[in-house]
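Okay, here's what each chain looks like letter by letter:
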Amino acid sequence: MKEIAEKVGGLDVHRDTVVACTRVREPDGMVTLSKETFATTRKGLGDLAQFLIAAGASTVVMEATGVYWKPVYYALEGLFDKLWLS
C-alpha cells in the first residue's frame, strides 16, 4: 500500500463517541500509533482536537455516515491542513 500522508488521524464517528487513531511517521523513520475514544460533547470534541494536534496530525479523515459527523467536522474545521470526509 502506498503511503500518502505521514501524519494522519482517522476518526470513527458514532452518536455518543468518536474513536480516534493517529499514525505519525517521525523524522527518524519510526511510526507512532495512538488510539483514544472521546465523547461527542463540546468538551469531548475539544479533547479530540487537542489529541490530534498533540499527535502532530496534519491530515484528518472521518467516516461520514448519517448526520453524526457534522458536529465533529465543525469542531475540527480550520485546525488541520486537510480535513476529509469519507
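Here the structure is a predicted model, which is why all the values come from computation and not from measurement. (Residues numbered from 1 in each chain as written. Predicted model: local features only at pLDDT ≥ 70, side-chain atom pairs only at ≥ 80, totals over all residues. Heavy atoms only, no water.)

A word on the overall build of the chain
Secondary structure summary: the chain contains two helices and five strands in total. From first element to last, N terminus to C terminus, the chain shows the α and β order β-β-β-α-β-α-β. Taken over the C-alpha atoms alone, the chain extends approximately 35 × 25 × 20 Å along its principal axes. Here the chain holds 86 residues, and 30% of them are scored as buried. Across the chain, every contact between residues at least 6 apart in sequence was considered, and the portion connecting residues at least 24 apart equals 40%. Of the roughly 5,500 Å² that the chain leaves accessible, carbon and sulfur atoms contribute 55%. With 10 positive and 11 negative side-chain charges, the chain shows a spacing of 3 Å between the two charge centroids. (Helix = DSSP H or I, 4+ residues; strand = E, 2+ residues; numbered from the N terminus. Buried < 20%, exposed > 50% of the residue type's maximum accessible area, 1.4 Å probe, protein only. Contact = heavy atoms within 4.5 Å. Areas by Shrake-Rupley, 256 points an atom, 1.4 Å probe, with all protein chains shown as cover. Lys, Arg positive; Asp, Glu negative; His and termini not counted. Charge placed at Lys NZ, Arg CZ, Asp CG, Glu CD.)

Let's talk about helix 1 (residues 42-55)
For helix 1, with 14 residues, the first-to-last C-alpha span of 20 Å sits near the 20 Å given by 1.5 Å per residue. Within the span of helix 1, buried status applies to Gly44, Leu45, Leu48, Ala49, Phe51 and Leu52. The buried residues of helix 1 all sit within an arc of 160 degrees when viewed along its axis, so they share a single face. Facing away from the buried side of helix 1, by more than 90 degrees, are the exposed residues Arg42, Lys43, Gln50 and Ala54. Packed against the buried residues of helix 1 are strand 1 (7-13), strand 2 (17-25), strand 3 (31-39), strand 4 (59-62) and helix 2 (69-76). Of the residues trailing helix 1, Gly56 is marked for its positive phi of about 90 degrees. (Expected span 1.5 Å × (residues − 1). Arc of directions from axis to C-beta.)

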